[in-house]
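A closer look at the structure
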Protein chains: 2
Amino acid sequence: MARLRLGTLFAAYFVLSTLGFLYTLSQLGQPCNCRPILLTANSHKDILRDQQEHRRPPSDDGEGLNLPTIYVVTPTYARPEQRAELTRLSQTLRLVPALHWLLVEDARTPGVVATEVLAKSGLIYTLLSMETPSELRHRPGEPIWVRARGVEQRNAAVTWLRRERAWDTTAVVYFADDDNTYSVELFKEMRYTSRVSVWPVGLVGGLLYEGPLVRHGQVTAFRTAWKPQRPFPLDMAAFAVALHLLIIHPEAQFDPAAERGLLESSLLSSLVSRADLEPRAENCTQILVWHTRTEKPKLKHEEEMARRGHGPDPNVKL
Amino acid sequence: MARLRLGTLFAAYFVLSTLGFLYTLSQLGQPCNCRPILLTANSHKDILRDQQEHRRPPSDDGEGLNLPTIYVVTPTYARPEQRAELTRLSQTLRLVPALHWLLVEDARTPGVVATEVLAKSGLIYTLLSMETPSELRHRPGEPIWVRARGVEQRNAAVTWLRRERAWDTTAVVYFADDDNTYSVELFKEMRYTSRVSVWPVGLVGGLLYEGPLVRHGQVTAFRTAWKPQRPFPLDMAAFAVALHLLIIHPEAQFDPAAERGLLESSLLSSLVSRADLEPRAENCTQILVWHTRTEKPKLKHEEEMARRGHGPDPNVKL
């Protein structure tokens, strides 16, 4: 009896533990689940032309799980250096989890360069196009600063966000031009923005940096050499906005008629007061974004080469 | 006797399988081993001052296993936009597996900016410093192109590679200035270089692109508007060299006295003939690197701000 019970017990234990052992063996050599899985989807809306949207799950590297999404809004336009600029920026954005790139081209329909760079980027993105109306466009002979670039495009992105992402109550919106330099750390600073978060910007306004001055955790003034009396003397790269603030203020937008230097103020004045600004980057003492500008490339030999029959190879993507 | 043997067997089996079960339990919830492990090591050599070296295992993302190492040689120097430029380039290089960044500062000892950017970069790197001798330095009033920048620094890196990496027989060397734009795909193209691999460069030489012209897999000519009779009419960003070629030609170097536009030829002429060039990037029809240049930032208000007691905050890292 004792022998029988012991034998049965042994048999049962043997079967169970062998099954467990076989399961463990079957798990050996499986790859870790650390790589992003790419899902893509296209959608087309009536108001904004030719948008393309691609999605992937929110986590690209384990860090991204449950992070608020950062919508990076980038106005762009066709020019010889566009592919270089967009390639470079897309590679920086690849290092940021839970990011959605909203690229808005100043054209009737998005160009080949933007489309191709995005397709290669591995990012979640939406491509919009919004042509600047002719009456707002820069005229030959006009100084470059009379009309701010990218205004209609940024407003188109805000319109898209209100229509398509009103449900995304923790999301953040950042206006990032395609030629600035962004440290990957900047995106960690803006990730949890309640209203409007702010930080310094390097190499702008004729200074080594411009930025908010912080006392007891509050923005009390601004380091700027130019029009310090502006409501918000901040560069476009100096702030991020909580999406819900744009939703509850449906009329807020960048004013295409804003005076020079007042474009940022034209949006922010509708959303917050100075006391609401949330200083980031160690009380605004770390520079994590720079207003670098790319020199206009010199192309003086291109025409002459074409005359001599050595124009660009049509197989080369410019 | 049978009872005793069965009991002993059961006891032994019970102990062994329980130990196995406990081990399996202890492994649950452990993170996947997909992240790079950083090992750091410093070494100081007598010839090159203040070098710092950091290593990590060759694989950073599974792709890197057994890939030939790419040594990226970047001359740099202190200036207001240095932190922006190095931050941006370091972020591009982070996306490339099996890469070792050799940063060479034109100074007696490496500066704070280079040291800090590297420490944050997550890259394998070596920081060298090599001051340009005063007789080779640019003189006030001299046109900028009379003396090429970065020559002594690139040669210092080649010297370091010959001393420290002669054993690395599959490695590749690429000379990448800190203000160009590099597509991550470029590094895949140069990874397996037998002698000297070549490709086009965008926005250089007064053209939309300069580059080798390929026929039947051989470089037969070059698209360039300027001095096409040069032995190798190639931009510094247009080629990568197999390290072993630099080892077996121990005298090969960039000639500090080379005429304008002949610096690249001064090195390459010692290493290969035109027929040895290995065309990459789909027979040199893809542009994966651009000679973008950053505008010199305008800092006209900085002095005036300092006079008014609003100089840069000493806590801000410029």
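The structure presented is a predicted model; accordingly, all values stated were derived computationally and were not measured.

1. Remarks on the overall build of chain A
When you go through chain A residue by residue, the secondary structure sums to 9 helices and 14 strands. Looking at chain A as a whole, 50% of its 318 residues qualify as buried. In chain A, the proportion of contacts linking residues at least 24 apart, taken out of those at least 6 apart, comes to 73%. Surface exposure of chain A reaches about 15,600 Å², of which carbon and sulfur atoms provide 56%.

2. Digging into the interface of chain A and chain B
In this assembly, 67 residues from chain A lie in contact with 66 residues from chain B. Carbon and sulfur atoms make up 63% of the area that chain A and chain B hide from each other, which totals about 5,900 Å². Applying the counting criterion to the chain A and chain B interface returns 4 salt bridges. Residue A:R223 pairs with B:E302 through a salt bridge whose shortest N-O separation is 2.5 Å. Linking chain A to chain B there are 26 residue pairs in polar contact (both at pLDDT 80 or more). Only α1 (2-27), α2 (82-93), β7 (181-182), α5 (184-190), β10 (207-215) and α9 (302-307) of chain A provide two or more residues apiece to the side of chain A that touches chain B.

3. Examining the nonpolar core
A:W101, A:Y174, A:F187, B:W101, B:Y174 and B:F187 are the most contacted members of the largest nonpolar core, which has 136 residues in total. Setting aside its immediate chain neighbours within four residues, B:W101 contacts B:V72, B:T74, B:L86, B:L89, B:S90, B:L93, B:L118, B:L123, B:I124, B:Y125 and B:T126.

4. Notes on the pairing of strand β9 (residues 201-204) of chain A
Residues and elements named next belong to chain A. Summarising the sheet, β9 and β10 pair through 3 bridges and their orientation is antiparallel. Considered in β10, the bridge of V204 is made with L207. Connecting β9 to the antiparallel partner β10 that follows it, the hairpin turn spans 2 residues, and G205 within it adopts a positive phi of roughly 65 degrees.

5. Here we look at the pattern of salt bridges
Going through the model one piece at a time under the given rule, you end up with 28 salt bridges over all chains. The partner of A:R79 in a salt bridge is A:E81, and the shortest N-O contact between them spans 3.8 Å. The residue B:E85 makes a salt bridge to B:R88 at a minimum N-O spacing of 3.6 Å. Placement of both B:E85 and B:R88 in helix α2 (residues 82-93) is noted, with a separation of 3 residues, approximately one turn of the helix. In this structure B:E85 comes out as buried when scored by relative accessible area, which is 2%.

6. Details of the side chain of A:R191
Residue and element names in this part refer to chain A. Along the chain, R191 falls in the loop between α5 and β8 (196-198). Separated by 2.8 Å, the side chain of R191 and the backbone oxygen of P68 make a polar contact. A polar side-chain atom of R191 sits 3.0 Å from the main-chain carbonyl oxygen of A98.

7. Quick notes on helix α3 (residues 112-121) of chain B
Residue and element names in this part refer to chain B. Within the span of α3, buried status applies to V113, A114, V117, L118 and S121. Looking down the long axis of α3, one finds its buried residues gathered within 125 degrees of arc, a one-sided arrangement. Opposite the packed face of α3, turned more than 90 degrees from it, sit the exposed residues V112, A119 and K120. The elements touched by buried residues of α3 are α2, β4 (99-105) and β5 (124-129). Positive backbone phi, at 75 degrees, marks G122, one or two positions downstream of α3.

8. Description of the packing of α2(A) against helix α3 (residues 112-121) of chain A
All names here are of chain A. Interaxial distance between α2 and α3 falls to 10 Å at its minimum, and their mutual angle equals 25 degrees. Comparing the axis directions of α2 and α3 gives the class roughly parallel. As for how α2 packs across α3, the hand of that crossing is right-handed. Across the interface between the two elements, Q82, R83, L86, T87 and S90 of α2 pack against V113, A114, E116, V117 and S121 of α3.

9. A short note on the packing of aromatic side chains
Under the counting rule described, the total for this entry stands at 12 aromatic pairs over all chains. With a centroid separation of 6.4 Å and 50 degrees between ring planes, the pair formed by A:Y182 and A:F187 is classed as tilted. Residue A:Y182 shares its accessibility class with A:F187, and that shared class is buried. Geometrically, the ring pair formed by B:Y174 and B:F187 is edge-to-face, given 6.1 Å between the ring centres and 85 degrees between the ring planes. Here the residue B:Y174 occupies a position in strand β6 (residues 172-175), and B:F187 occupies one in helix α5 (residues 184-190), the gap between them amounting to 13 residues. Using a relative accessible area of 1% as the deciding quantity, one classes B:F187 as buried.

10. Points about the UniProt feature "binding site: Mn(2+)" (unreviewed entry) in chain A
Residues annotated by UniProt as "binding site: Mn(2+)" (unreviewed entry) correspond here to A:D179. For A:D179, the location among the structural elements is in the loop between β6 (172-175) and β7. Residues contacting A:D179, with those up to four places away along its chain left out, are A:E85, A:T292, A:R293, A:T294 and B:R88.

11. Quick look at a nonpolar patch on the surface
A grouping of A:F14, A:V15, A:L16 and A:L19 is seen on the molecular surface, where their side chains present a nonpolar patch of about 410 Å² in accessible area. Considering the arrangement of structural elements, one finds A:F14 in helix α1.

12. Some words on the UniProt feature "glycosylation site" (unreviewed entry) in chain A
Residue and element names in this part refer to chain A. Summarizing the sequence annotation, UniProt attributes the feature "glycosylation site" (unreviewed entry) to N283 in the numbering used throughout. With respect to the element layout, N283 can be found in helix α8 (residues 281-284). Overall, N283 belongs to the partly exposed group, its relative accessible area being 46%. Non-local contacts of N283, meaning those with residues more than four positions away in its chain, are made with V214 and G217.

13. Side note on the relation of the copies chain A and chain B
For the pair chain A and chain B, the relating rotation is 179 degrees, the translation along its axis is 0.3 Å, and the fit reaches an RMSD of 1.4 Å. The transformation just described matches what one would write down for a two-fold rotation axis.

14. Comments concerning the confidence of the model for chain A
Residues and elements named next belong to chain A. In this model, chain A carries a mean pLDDT of 86, and residues with pLDDT of at least 70 account for 82%. Below pLDDT 50 for its whole length, residues 55-60 participates in 21 contacts with residues either more than four positions away or in separate chains. For this predicted complex, the interface confidence reaches an ipTM of 0.81, while the overall pTM sits at 0.81.

15. A word on the environment of A:A84
Looking at where A:A84 falls in the secondary structure, it is placed in helix α2. Overall, the relative accessible area of 0% leaves A:A84 in the buried class. A C-alpha to C-alpha distance of 9.8 Å links A:A84 and A:D178, two positions 94 residues apart in sequence. Discounting chain neighbours no more than four positions away, the residues touching A:A84 are B:T181, B:W290 and B:T292.

16. Observations regarding the side chain of A:Q91
Structurally, the position occupied by A:Q91 is in helix α2. Of note is the side chain of A:Q91, whose polar atom sits 2.9 Å from the backbone oxygen of B:Y182. With residues near it in sequence (within four places) discarded, A:Q91 still touches B:T92, B:L95, B:Y182, B:S183 and B:V184.

Here is what the cut-offs are and how they apply
- Residues numbered from 1 in each chain as written.
- Chains lettered and ligands numbered in written order.
- Predicted model: local features only at pLDDT ≥ 70, side-chain atom pairs only at ≥ 80, totals over all residues.
- Heavy atoms only, no water.
- Helix = DSSP H or I, 4+ residues; strand = E, 2+ residues; numbered from the N terminus.
- Buried < 20%, exposed > 50% of the residue type's maximum accessible area, 1.4 Å probe, protein only.
- Contact = heavy atoms within 4.5 Å.
- Areas by Shrake-Rupley, 256 points an atom, 1.4 Å probe, with all protein chains shown as cover.
- Buried area = accessible area lost by both parts, 1.4 Å probe.
- Salt bridge = Lys/Arg side-chain N within 4 Å of Asp/Glu carboxyl O.
- Polar contact = N/O pair within 3.5 Å; in protein donor to acceptor, adjacent residues only side chain to side chain.
- Core = buried A, V, L, I, M, F, W, Y, C linked by side-chain atoms within 4.5 Å.
- Pairing = 2+ DSSP bridges.
- Arc of directions from axis to C-beta.
- Axes fitted to C-alpha atoms, helices over the stretch in contact; angles between N-to-C directions.
- Parallel < 35°, antiparallel > 145°, perpendicular 65-115°, else oblique.
- Left-handed = near helix turned anticlockwise from the far one by under 90°.
- Phe/Tyr/Trp six-rings, centres within 6.5 Å; stacked < 30°, edge-to-face > 60°.
- UniProt positions renumbered as here; feature names shortened; annotations may be inferred.
- Patch = residues over 30% accessible without salt bridge, like charges linked within 9 Å, V, L, I, M, F, W, Y side chains within 5 Å.
- Least-squares fit on C-alpha atoms with pLDDT ≥ 70 in both.
- pLDDT = per-residue confidence, 0-100.

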